[in-house]
Each structure stands twice: as structure tokens, then as C-alpha cells.
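Report on the structure
Letter by letter, the chains look like this.
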Amino acid sequence: MMKNWLTISEFGERTGLSIKALRIYEERGILNPHTRSESRYRVYTAEQVLVAERIVHYKHLGFSLEQIKALLRETNGQSLLELLEARLCESRKNVSLMQQQIKSLESILTSLKQDKELSETERSQVMENIIEISENNLKRKGIIDERALLQVREEIALYTSEKKQVIAGIREIIDYAKKENILLGPGRGNSAGSLVLFGEGYSKRNPMDYGLLPELFSASKFIWLDVEYSRHQEIGRMCDELSQKTGVEVIAFRSPLLDIFKSLERKIGKVEFNSFSDFDPMVLHAPQNGTRGLFWLDWSPDFHAHQNSTQEWKEMSKWKNDELEAFFKANVFNGPMDYMVQDCLMSLGMREEFFAYPRRTIADCPESLPELKDTKGLLIFREDWLKILARTTGTSILEANKIQRAIAQDPNAAEVSVLEKVMDSDIRERLRSSCGSVYSKAHSVNGWLQYKQTAILKGLWPKQYLAAIDDWEQKHGLVWFEFGYKPGPNEFYLKANS
């Protein structure tokens, strides 16, 4: 006999609704869980599947969430008829607009194929299409915040002509990966800050949740995708072709972790990582059971990048091998930001600050630097550096980005004069002294996502998970958290140590 109750993961799988969508429906009072378990997990009934199916049906018909809420409540036949007729009228108007849009796009494509210069009207039409697709993508993910929609428009307004072309190419790569069951994500670098690419499915994390800066994506000349190790050449070739076509460097990083996920899925079934809270004790306290298998914490001297680094870096990194295990057994993360800060401190080789961080408190953050509350006063993330400069000088984030890069490369660069506009001498000196050592927060955000996934796997299926890691390492002669890069035009990725 089929059980009558369903966890949120099971209910989402049965109805095709994401965990995030179900939580939004609960917040809006559209579809509430039947009850909560003793451990406060949401529980649905099999009967509620029918309600969910109605919601999906109404969404396909183009109704807004508020309209769907009204439709589910409506029992009066006449009122229901009026709602449906109003939607039909709206749809007919949209069809007319869409037909005009299609004609306009056909004209633009003809001009492009004939190498003709686009008119201002045609350029405007291209931009509006990118905006419309991106906004619809965000809405499908349940993001209807006006601030997010405004942000995505500002991001698109900053796109160069090359970036406009590369978005369509990334969409094709993502669609191909889905069709061929090739795992992608979460991606890394500045690209993780793009709301447009988040909407396309490039990243699983909303960059606005972590204070990332979409503008930096618009300003950069590269996109980094994580791809399943065993299928990396297929995606790698597509990235190469896109790079040649657009002039934007698109790189596919091979990710052993995605192969390990896929091999485990065949044994334990699909794991809905997003159904676990970022503050689940199993996730935050995972290192107390040893760092083996936990992303970034499982440091190995066999790490390829470590082996090929300078002697100075090797000496600086020794503490990672000798002391990490004991440190993490004695200290727990209080939340994702703790992980991100310590990931950053380790990456920067800031040994003293790393071991002292658990003793820091919010009181260590100066009142004059509210941007540093999350890091307890540490100016270590590049995004925070840019926000501080923008606030204290009136400089845009894009301009601050150029200034930071110039000073980081040359402390005596002409751009250093901008710092003189910072009235507070302490802030000015902090910006000057930290400029060359700040680290990309986007890297740490993606590191957190991978850490959380590995902590869940190790917490619930330790034997199967650690065995999958061992199997992968023996097969490939690489440590499991190895990530490849593209060192030359004819080389895809790092080679195995053997």
C-alpha cells in the first residue's frame, strides 16, 4: 500500500516542483505542508499532489502566483469563468506582441547574416529579448523580487557585444548537458555572480543571497564552468568553439566530485541537497568526524596544483597537512560564512588569522566598515573591498574593479590616487594594504556549496561515499578534489600524476 505522507523532497519529485518553489508557495499561502514532523520537517499528503498539479497547470497557462492563489480558493463557477476569460484575453494580446517580435528578430538575423550594421531599433530589440528571457528565468526559479529584476536589467545593460553572444552559447551547452545527462556546476570565479547565468542554470546559488556582484561578470572576459570529469572533453570542445566565436574565454573545469555524485546516485538514489538547511548541525559539525571526504578541508600533499607550485608556497602550505584535522575537531562552523572566511584565509595563506578566527566576534568589526560584519572585521574578500571603495569615494563598482586590479598589479599605479578621496585615514590605509591580497568571494561561495554536499553524503552514507572517493582516486591517479584548468590552446586539463 502506498504511504499517504511525503517528505518535501518526495513531494517535489512527485509533482515536479522544486524545494524552493514549495517554500515560496508556503510563504504566499498557496500550498502549505499538511503538518510538520517532530524534527520540524515539512510533511505533505498524497492528496495534496492534486493541488500541486493544479498549480503547475495554472502556471503553464500564465497565471501569476496571486492569481493562482485566487483560483485555488474560488468555488463560484461564474467568478472562475471571469478569471479564465481575462487570462485568455491577455494571452491573445501577448500572441500579437510575440508575432511582432518574431518579425523583428527575423529582420535582425537577416541583417547579421549579411554583415550589416544593426540600427539602434534593432539593437534595442536584441537587448529587450535578453532582458525578457532572463527575467522569465528568474521568475521560474521563484524569484520575483523587484530588486532582483532591476539588478538583472542593470547587469545586462553592462554587457559588451561579445557577452550578448556568449549567453546564447552557454544556454546551448547547458541544454546539451541536460539532454546527454552530463553533470555541470556549480561554476566558479566572477561568473558565479551573474544573475543571468544563475537564471540559465549555470549556478545553483542566487548570487544576491551572498552579496556577490553581477557587475563583475559583465566586466570580465572569461566564464568558468564545472563539468563532469568523465565527459569533460565533449563540453570542453563546445567551450572552445564558443571562445573562438565570441572572443570570450570559456573554460570547462573537470570536476571529479560530479563523477562521484553520479556513481553514488546509482547506489543510494538522487539526493536533494537543497532540502537540507545550511545550518543543519550534520553539515556544520561534519569536520569533527574527520576531514576526509569534505571539500576543501581534505587537504592532500598529492594535490596537483600543490605539487607544481613554488617552494615558497609549499613551505607556507605545510600547516594545512599537519594541523587541520585537530583544528576542525576542536572548532565547528556556526554558519556558511564561517566556512567561506576560513576557506579564504587558507587560500591566502593567512595562517595566524586562520587559527585565531574562531575567537573573533562581531565586536571586532569597526562601525565605520559595516561591509565587514559578516567577516567579523576582516577585509579579505574582493567584493567587500570594492563595496567599501564605492561607498567612500562615490566610484561605481565597475570602476572600483578596474582600480583594484591596477593597484594589485602595481602599488604605485596612477589609480592609487583615487584612495586619497577616502576621508577616513584608517579605511584608506586598510584599502591600500589589503588591495593585493583580497580573494574572490564567489570562489568561497561555490566552495561552501560543494562542502555542504560532501558533508551530507559523509553524514548519511559514509561507507559508500568514502569508497566512491577511493575508487575514483585509484582509477585516475589524482586526488578527488582535483580541478583541471586549460594551460594551453591544445591542452584541456591537468594530467594524472601517474
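What counts, and at which threshold
- Residues numbered from 1 in each chain as written.
- Predicted model: local features only at pLDDT ≥ 70, side-chain atom pairs only at ≥ 80, totals over all residues.
- Heavy atoms only, no water.
- Helix = DSSP H or I, 4+ residues; strand = E, 2+ residues; numbered from the N terminus.
- Core = buried A, V, L, I, M, F, W, Y, C linked by side-chain atoms within 4.5 Å.
- Buried < 20%, exposed > 50% of the residue type's maximum accessible area, 1.4 Å probe, protein only.
- Expected span 1.5 Å × (residues − 1).
- Contact = heavy atoms within 4.5 Å.
- Axes fitted to C-alpha atoms, helices over the stretch in contact; angles between N-to-C directions.
- Parallel < 35°, antiparallel > 145°, perpendicular 65-115°, else oblique.
- Left-handed = near helix turned anticlockwise from the far one by under 90°.
- Nonpolar A, V, L, I, M, F, W, Y, C, P; charged D, E, K, R; others polar.

Most peptide bonds are trans, and most residues other than glycine sit at a negative phi. Not every positive phi belongs to a glycine, and Asn181 is a case in point at roughly 55°. Along the chain, the position of Asn181 falls in the loop between α8 (161-179) and α9 (195-200). With a phi angle near 80°, Trp296 is a residue other than glycine that sits in the positive phi range. Considering the arrangement of structural elements, one finds Trp296 in the loop between α13 (281-284) and α14 (304-307).

Across soluble globular proteins, you tend to see nonpolar side chains buried next to one another. Within the largest apolar cluster, 58 residues are counted, with the highest numbers of intra-cluster contacts made by Phe295, Trp296, Phe354 and Tyr451. When contributions to this core are tallied by element, the ones reaching two or more residues are β5 (249-255), α12 (256-268), α13, α15 (311-330), α16 (336-347), α17 (351-356), α21 (441-460) and α22 (462-476). Core analysis: the second largest hydrophobic core is formed by 32 residues, Ile170, Val196, Phe198 and Ile235 among them.

What follows covers helix α18 (residues 382-393). For α18, built from 12 residues, the straight-helix expectation of 16 Å at 1.5 Å per residue is met to within 8% by its first-to-last C-alpha distance of 17 Å. Here α18 lies mainly inside the structure; 9 of its 12 residues are buried. By the burial criterion, the buried members of α18 are Arg382, Glu383, Asp384, Trp385, Leu386, Ile388, Leu389, Ala390 and Thr393. Those residues of α18 that are buried are in contact with α10 (214-219), α19 (397-409), α20 (425-434) and α21. Remark: Gly394 follows α18 within two positions and exhibits a positive phi of approximately 75°.

With that settled, the discussion passes to the packing of α8 against helix α11 (residues 232-246). In the contact formed by α8 and α11, the axes pass within 10 Å of each other and the chain directions differ by 165°. It follows that α8 is roughly antiparallel to α11 by the angle criterion. As α8 runs across α11, the sense of the crossing is right-handed. Two secondary-structure elements touch here, α8 through Glu162, Gln165, Val166, Gly169, Ile170, Glu172, Ile173, Tyr176 and Ala177 and α11 through Glu234, Ile235, Met238, Cys239, Leu242, Lys245 and Thr246. Split by residue class, the contact of α8 with α11 holds 9 nonpolar, 3 polar and 4 charged.

Take α19 next. Between its terminal C-alpha atoms α19 stretches 18 Å, which fits the 18 Å expected from 13 residues at 1.5 Å a residue. Along α19, the residues classified as buried are Ile397, Ala400, Asn401, Ile403, Gln404, Ala406 and Ile407. Of the surrounding elements, those touching the buried residues of α19 are α10 and α18.

What follows is about the environment of His34. Structurally, the position occupied by His34 is in the loop between α2 (19-27) and β2 (35-36). The spatial distance from the C-alpha of His34 to the C-alpha of Thr45 is 6.4 Å, given a sequence separation of 11 residues. Setting aside anything within four residues of it in sequence, one finds His34 in contact with Val43, Tyr44, Thr45 and Gln48.

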